[in-house]
Amino acid sequence: MSTDAVRQSARLAKFHVPEVVFGPGSLAELGHCVLRLGGRRPFLVTDPGLMEAGWAHEAAAHQRRAGLRPVVWHDVTPNPKDHEIQAGFERYAESGCDVIVGVGGGSVIDAAKGVAILSSNGGRILDYEGVDQVVQPIPPTVMVPSTAGTGADVSQFAVITDTTARIKITIVSRTLVPEISLIDPRLLTTMPDWLNAATGLDALTHAIEAFVSRAHNPLTDTHALHAVELITGNLGRTQTHPKDFGARLAMAQAALEAGMAFTNAILGVTHAMSHQIGGLLDAPHGVVNGVLLPHVIRFNSEARPERFVALGAAAGLPTAGVPPHEVAERLADLVRALADDVGVPKGLASLGVAEHDVPVMARTTLKDACMATNPRHVDLRDVETLFREAL
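Quick notes on the rules
Numbers given for residues are sequential positions, taken from 1 along each chain in its written order. For this predicted model, a pLDDT threshold of at least 70 governs which residues receive local features, and a threshold of 80 or more governs which side-chain atom pairs are given and counted, while totals over whole chains, interfaces and linings are taken from all residues. Only hydrogens and water are removed before side-chain values are computed, so all heavy atoms of the structure are retained for them. Secondary structure is summarised from DSSP: a helix means a run of H or I of at least four residues, a strand means a run of E of at least two, and numbering begins at the N terminus for each. Each residue's exposure class comes from its accessible area (1.4 Å probe, protein chains only) as a fraction of the maximum for that residue type: buried when under 20%, exposed when over 50%, partly exposed otherwise. Whether two residues are in contact is decided by their heavy atoms, any of which lying within 4.5 Å being enough. Think of a polar contact as two N or O atoms within 3.5 Å of one another; within protein, one of them needs to be a possible hydrogen donor and the other a possible acceptor, and neighboring residues in sequence only count if both atoms come from side chains. Salt bridges are defined as contacts in which a side-chain nitrogen from Lys or Arg sits within 4 Å of a carboxyl oxygen from Asp or Glu. Strand pairing follows a simple DSSP-based rule, namely that at least 2 bridges must link the two strands. For patches, a residue must show more than 30% relative accessible area and have no salt bridge; joins then use 9 Å for like charges and 5 Å for nonpolar side chains, namely Val, Leu, Ile, Met, Phe, Trp and Tyr. To measure how exposed things are, a 1.4 Å probe is used in the Shrake-Rupley method; for residues, cover is taken only from the protein chains shown. Every angle, taken between N-to-C directions, lies between 0 and 180 degrees, and every axis is a line fitted to C-alpha atoms, over only the stretch in contact when it is a helix. Defined by distance alone, a disulfide is two cysteine sulfur atoms within 2.5 Å.

(A) Main features of the side chain of His-271. Within the secondary structure layout, His-271 lies in helix α10 (residues 269-281). Since its relative accessible area comes to 3%, His-271 is described here as buried. Setting aside anything within four residues of it in sequence, one finds His-271 in contact with Asp-202, Thr-205, His-206, Glu-209, His-285, Asn-289 and Cys-370.

(B) Examining the environment of Asp-127 more closely. When you line up the elements, Asp-127 lands in the loop between α6 (106-121) and β5 (130-131). Once the C-alpha coordinates of Asp-127 and Ile-169 are considered, the two residues, 42 residues apart in sequence, prove to be 9.9 Å apart. Here the side chain of Asp-127 touches Arg-124 through a polar contact of 2.9 Å, landing on its backbone nitrogen.

(C) Spatial organisation of the pattern of salt bridges. Throughout the structure, instances matching the rule amount to 17 salt bridges. Where Arg-36 meets Glu-19, a salt bridge forms, and the shortest distance between an N and an O atom there is 2.9 Å. Within this pair, whereas Arg-36 is found in helix α2 (residues 30-36), its partner Glu-19 is found in strand β1 (residues 19-22), the two being separated by 17 residues in sequence. A salt bridge links Asp-282 to Lys-81; the shortest N-O distance between them is 3.6 Å. Taken together, the residues Asp-282 in the loop between α10 and α11 (285-301) and Lys-81 in the loop between β3 (71-73) and α5 (82-95) connect sequence positions 201 residues apart. Given a relative accessible area of 11%, Lys-81 falls into the buried group.

(D) The sheet that holds strand β8 (residues 167-172), seen in detail. Taken together, the 3 strands give an open sheet; going across it, the order is β5-β8-β7, and neighbouring strands pair in mixed fashion. Either end of the sheet is taken by a strand with one partner, and the two such strands are β5 and β7 (157-162). In this structure, β5 lies alongside β8, joined through 2 bridges in parallel fashion. When the sheet's bridge partners are listed, Val-131 is paired in β8 with Val-172.

(E) Structural detail: a nonpolar patch on the surface. Taken together, the side chains of Val-20, Phe-22, Phe-245 and Leu-249 make up a nonpolar region of the molecular surface, amounting to roughly 270 Å² of accessible area. Sorting the residues of the nonpolar patch by element identifies β1 and α9 (245-265) as the ones contributing at least two each. In this structure, Val-20 sits in strand β1.

(F) Examining the sheet that holds strand β2 (residues 43-45) more closely. If you walk across this open sheet you meet the 6 strands as β1-β9-β6-β4-β2-β3, and the pairing is parallel. Whereas interior strands pair on both sides, the edge strands pair on one side only; in this sheet they are β1 and β3. Strand-to-strand, the axes of this sheet are offset by a mean angle of 20 degrees, without reference to chain direction. On top of the sheet, α5 reaches β2, β3 and β4 (100-104); it is set at about 170 degrees to β3, its chief contact.

(G) Spotlight on the state of the cysteines. Taken as a whole and assessed by the stated rule, the structure comprises 0 disulfides. As a non-bridged cysteine, Cys-33 has Cys-97 as the owner of its nearest cysteine sulfur, 17 Å distant. Looking at Cys-97, the relative accessible area reads 11%, which means it is buried.

The following block contains the structure:
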């Protein structure tokens, strides 16, 4: 091991993750998970799509079989809104529920976290923007992801839309790491193609941003690199062969590992920018990441090109004897090619972003919590340039 590697491995590293229950059919364990947390009347947060697909009903049935009396609340939309969190909290408070269960994608899980925050901390959900603003412990939570990408089921993040300002706020707190993440890859089989593509690219962004983050460590690096390998090897196949359960299983593990990496290493400018577009246009978060990520790879590699060599190797690129800058460029090209393969637009203009939106979004990007760990210093002009390059 080199001297630098020894120094890095000797650094203090914290790694905070939930208990993980993983595997086909694991949804049947949901009732027992709630019971182990002391639940009697769980509050099941989900959305209309999961109701229609039948997963919410199955989740509730498993809880009833365990002797529980679940209350189901499903009024969550993509990019969960501040007023939805307030409505969910009011329903939770009047129902006398205890453990909070989220069954769905990142929006559902973030909404469940928002309800949990208000239940023990009071106020408005927008009051908790930033890092470590959630002071009081929240009710126990069990999260069941239905997508392979957001990582919300293992993370210390919740992202909520401020509908007045039309921006997304990021809440970061160790209290938001769920007690249990229950990952049943069967739930991934009912995702529409666009959601499969979006969440897969979101997971890839998590892995890459976590690996180059200022806060990375050897524990996060291992998971980030393996996630890149799994995603680049399997995301395309889940689109072309949606019934290939091996590919689904690989993507479920990739999302988990990318989530464990980024919740401990945090993220970077891709996510900071993506949050602004999501708040302004209610655009799919993972799709926006897929458009932005190649541009950010090129930008960040100018400061830390060596960090992209291992990422390139994990993605299957030849790296021996190849200059780090060239590896980073090829990685950016690979990400763009993968985005093309899964049907993601080439530019932000296709999602409704206009030139006149850039100055405002650039200013709010600089306030996002994810900016603190980007590997390269970023100023207002840099962000404006990145937005314009991605249009």
